[in-house]
Amino acid sequence: RDLYAEDRPGAHNSMSFWVAACFCINYVMGSGFLGLPAVFHDAGLLLSPVTLLFFMWLSDGTKDLLVEAMARREALARLDERHAAKLQASAEVRRLTRAGQHVPPDVAALASNP
């Protein structure tokens, strides 16, 4: 048997458009898209909604943690930017002072702010 026959041009070992579309939708939506009705039928009317609500609650908690982490990272990034600007302004004040030049008020204010 030729194992590479389906890789050759003109091979007709393929699936229909609708089967391929169902597979794509299933991959995009997750395994529950096509399997959820069967699982609901097997688990019953009481266990299915309880399980669904539990995982909804778990997903909501995970979302909250993710949003909190993103907000903290954004705050740290802004703090780093301000700190970098202050360090740059302080270096500029030192350079201008050593050279005996006038230090612009905005640079001096930025360098002196805590």
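Structure: see above.
Residues numbered from 1 in each chain as written. Predicted model: local features only at pLDDT ≥ 70, side-chain atom pairs only at ≥ 80, totals over all residues. Heavy atoms only, no water.

Draft legend 1. Molecular detail of the pattern of salt bridges. Tallied over the full model, the rule gives five salt bridges. Notably, a salt bridge pairs Asp64 with Lys63, separated by 2.8 Å at the nearest N-O pair. Judged by its relative accessible area of 39%, Asp64 falls in the partly exposed class. According to the relative accessible area criterion, Lys63 is partly exposed, its value standing at 42%. One salt bridge connects Arg95 with Glu92, and the closest N-O pair in it is separated by 2.6 Å. (Salt bridge = Lys/Arg side-chain N within 4 Å of Asp/Glu carboxyl O. Buried < 20%, exposed > 50% of the residue type's maximum accessible area, 1.4 Å probe, protein only.)

Draft legend 2. Layout of a nonpolar patch on the surface. A contiguous nonpolar surface patch, about 530 Å² in accessible area, is contributed by Leu36, Val39, Phe40, Leu52, Leu53 and Met56. Among the secondary structure elements, those contributing two or more residues to the nonpolar patch are α2 (32–43) and α3 (47–99). Counting through the fold element by element, Val39 comes out in helix α2. (Patch = residues over 30% accessible without salt bridge, like charges linked within 9 Å, V, L, I, M, F, W, Y side chains within 5 Å. Areas by Shrake-Rupley, 256 points an atom, 1.4 Å probe, with all protein chains shown as cover. Helix = DSSP H or I, 4+ residues; strand = E, 2+ residues; numbered from the N terminus.)

Draft legend 3. Just the environment of Ala89, in detail. Position of Ala89 among the secondary structure elements: in helix α3. Between the C-alpha atom of Ala89 and that of Ser112, which follows or precedes it by 23 residues, the distance is 8.8 Å. Contacts of Ala89, omitting those with residues within four sequence positions, involve Val107, Leu110 and Ala111. (Contact = heavy atoms within 4.5 Å.)

Function cannot be inferred from these measures alone, as they are strictly geometric.
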